[in-house]
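Descriptive analysis of the structure
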Amino acid sequence: MSREFRTALPFLLPLVFVVSVFMLFPVIGTFWMSLWQDVSFLPRKFVGLSHYLRLFRDTGFWQSAAFTLLFTFVSVAVETMLGLFMALLVNEQFRFRGLMRAVMLLPWAIPSVIGARIWQLIYRYDYGLANYVLQKISGKVVNWLGSSTGAFLSLIIADVWRTTPFVAIILLAGLQVIPDEIYRQAKVDGATLFQRFFRITLPLLKPILIVAVLFRTIDALRVFDIIYVITGGGPGGATTSLSLYGYKYFLLGDFGYGSAISISLFLLALFIALLYIKTGRFKEAVL
Amino acid sequence: MHRFVFFSIFFGLIFLNCEKGHLLTIAVGGAPNELDYWEKLIREFEERTGIKVKLIRQPTDTDQRRQSLIIPLKAKKPDPDVFLMDIAWLGGFAASGWLQALDDYVKRDTFDLTKFFKPVVTSVDIYEGALVALPVYIDCGLLYYRKDLLEKYGCPVPRTWEELLQVATLIQKKERTRNPRFYGFVWQGAQYEGLVCNFLEFITSAGGGLFDSLGNINLCSKTNIHALTFMKDLIHKYKISPPNTYTEMKEEEVRISFQNGDALFERNWPYAWKLHESNDSPVKGKIGVTLLPAFKTGKTASALGGWHIGISAYSDNKEQAWQLVKFILSYESQKRLAIDLGWNPGREDVYEDPELKHNLPHINVLKESFNHAVARPNVPYYTRLSQILQIYVNAAISGRMGPEEALKKAEEKMREIIHTYE
């Protein structure tokens, strides 16, 4: 054992401890559970990978996987664009900037279930705010959660409202470390606003942008709370995310199959995270 | 070194906090007024017996209540000792071996089982020959109607769905001029357990059902398709039920709509009565309650609901737990349950109580509706069957899928589930 390693060991151990207790063991434990027939009302027996074979034939699973991916893609794309816009805005000098930054964070500070409940009330058909406003303007009302598309878009709006501030605040931190001199120099060289944005801001922001998108993607993949509250997975199962689908099996008492669903969600998130790291050249980005 | 000391103290404290000795615990949930009732009842039990009881407050939502029980039971935890279960998950709990058989206690104390509604006890509380639970209260689907409006337009209380449709169409048209939000009939159509209850009532009252007489699944039958088409048409064709029926309408949404005076007929559970008749209710004194209508081809049917009490198989305090169960099921406690909360006791003898009859004038309708009760399948994997029904019935009434196609697909899925878990 080298001296350097021995010195480093006590500093590393707490981290290793925390990561293994709170992250590694739960994943391994869940995987182990997924290899068993663990239904509370049936005898427990080892079934190997047969739950994963069952997943392949399970149309409900593929439907929720497709919904989850679409939800993730659309919500993250919109959140990133809006978040970038907001970050650029509050990075400028203007009066009440401090207040603006604080207000901007509000949706993120509200617990997500409460935020979701607020949106559910807004979308309500008979007494909801959205229909109230719509009625005043056009005289018509919309059954927001009544169609698959309507429910999907309603969920996207609620999610974007809540998590855009998160993207914005991370990007704001990234914007603040870009030195002003570069911009001044570019101005002297005659670069237009768009040139400055695409040639300076975006490339220098890229590392932090990738971190923000990665965080949001993983978060969006395991979306549960807002769907549970707003649509409950409906109408007709059209908005059931993978987490919600797995949860339904836990509720039934089928812990084995539920675990298999959780593990596939974990693998999906892992795969996408690796993809980002690979294509985004994460190492350079962080350093 | 200090860090290790800190960590060991920290985790030591966490573990110490987990086990609190053999305190008797009971888990119940519900609206604030329900929890008040339990709190009062338990304090009284403590005074009488000297046994200390801890009340674990659960949420109102049925699924969340269930979840908060599954976790300790799955982990074989001694607490909670006593808990209430929805009739729909009782079978699953019993089959999982989570419930203590009560037969020995009943025999020893000569506890009179005949005082309870017999069909309920035999169809739900006895699992594979053992008594595992007892009914605390019973629910049945009922039809609430606006007495004042029926009188105003000279219409009868409907006995059949066809009559209901006719009356509701007529009165809705007239009432719309005064109240643009007015609908003829509100019921539970959101994608959740309540939809399955409504669906069961519609198909049974048409002469259909989930299974044929041999117990084989027979969902995609002509009668069932007819009933489901009718449900869908109520919203889309006849438009006497609001478009948010299939997105938002659960018990409370339906109750509030009716209570605000926005509906002529309402399908709901008995709990709604007390709230409709409360002092700040706009429909106070203007309502009546009766059995649900039937199609010409069938007989009235009420989905059987309600909550049952049981003792955990892992309880470290079974004797005291049984004392508490007996107290909760005593004549006095059951009567208070009916008078304070307006719920239907699981004990049949309470229904003859003069004070109760005075407080709940519709108690006879309730008792009669129990005779037309249709139970949900008492199988341990019922939840999964229900989830499938919820999805496809909801898809059909939302218009996303034709009723026949929806039932065909649901039947296919249900066969798969039965095959997996049987």
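Below is a summary of the structure that appears in this document.

1. Some remarks on the overall build of chain B
Scanning chain B for helices and strands turns up 18 helices and 13 strands. Relative to the globule expectation of 22 Å for 422 residues, the C-alpha radius of gyration of chain B, 23 Å, shows essentially globular dimensions. Seen through its principal axes, chain B has C-alpha atoms that stretch 75 × 50 × 50 Å. The proportion of buried residues among the 422 residues of chain B is 57%. Residue pairs at least 24 apart in sequence account for 72% of intrachain contacts in chain B once pairs closer than 6 positions are excluded. Put simply, chain B shows about 17,800 Å² of open surface, and 55% of that area lies on carbon and sulfur atoms. Averaging the coordinates of the 52 positive side-chain charges in chain B and doing the same for the 52 negative ones gives two points 4 Å apart.

2. Observations regarding the environment of Val82(B)
Along the chain, Val82(B) turns up in strand 3 (residues 82–86). When sequence neighbours within four positions are dropped, the list of residues in contact with Val82(B) reads Thr25(B), Ile26(B), Ala27(B), Ile309(B), Gly310(B), Ala321(B), Leu324(B) and Val325(B).

3. Side note on the packing of helix 3 (residues 59–91) of chain A against helix 10 (residues 193–221) of chain A
Residues and elements named next belong to chain A. Axis separation between helix 3 and helix 10 bottoms out at 10 Å; the angle between their running directions is 140 degrees. With respect to each other, helix 3 and helix 10 are oriented oblique. Between helix 3 and helix 10 the crossing geometry is right-handed. In this structure, helix 3 uses Thr-68, Leu-69, Phe-71, Thr-72, Ser-75, Val-76, Glu-79, Thr-80, Leu-84 and Leu-88 to contact helix 10, whose residues at the interface are Phe-197, Thr-201, Leu-202, Leu-205, Leu-209, Val-213, Arg-216, Thr-217, Ala-220 and Leu-221. Classifying every residue of the contact of helix 3 with helix 10 by side-chain character gives 12 nonpolar, six polar and two charged.

What counts, and where the lines are drawn
Throughout, residues of each chain are indexed from 1 in the direction in which the sequence is written. For this description, chains carry letters from A and ligands carry numbers from 1, given in the order in which they are written. Only residues with pLDDT of at least 70 are given local features in this predicted model, and only at 80 or more are side-chain atom pairs given and counted; all residues enter the totals for whole chains, interfaces and linings. Excluded from the side-chain calculation are hydrogens and water; included are all heavy atoms of the structure. We count a stretch as a helix when DSSP gives it H or I for four or more residues in a row; a strand needs E for two or more, and each element gets its number in order from the N terminus. The reference for a compact globule is 2.2 Å times residues^0.38; the radius of gyration itself is calculated from the C-alpha atoms. Burial classes follow relative accessibility: with a 1.4 Å probe on protein chains only, a residue under 20% of its type's maximum area counts as buried, one over 50% as exposed, and anything between as partly exposed. In what follows, a contact means two residues having at least one pair of non-hydrogen atoms within 4.5 Å. Here the Shrake-Rupley method, with its probe set to 1.4 Å, supplies the accessible areas, and only the displayed protein chains count as covering residues. Under this rule, positive means Lys or Arg and negative means Asp or Glu; His and the chain ends count for nothing. Where a charge lies is defined by one atom per residue type: Lys uses NZ, Arg uses CZ, Asp uses CG and Glu uses CD. To obtain each axis, a line is fitted to C-alpha atoms, and for helices this fit is confined to the stretch in contact; angles are then taken between N-to-C directions over 0 to 180 degrees. Roughly parallel covers angles under 35 degrees, roughly antiparallel covers those over 145, roughly perpendicular covers 65 to 115, and oblique covers all other angles. Crossing handedness is defined as follows: a turn of the near helix away from the far one that is anticlockwise and smaller than a right angle gives a left-handed crossing, while the clockwise case is right-handed. The classification used treats Ala, Val, Leu, Ile, Met, Phe, Trp, Tyr, Cys and Pro as nonpolar, Asp, Glu, Lys and Arg as charged, and all other residues, Gly among them, as polar.

These figures capture arrangement, not role.
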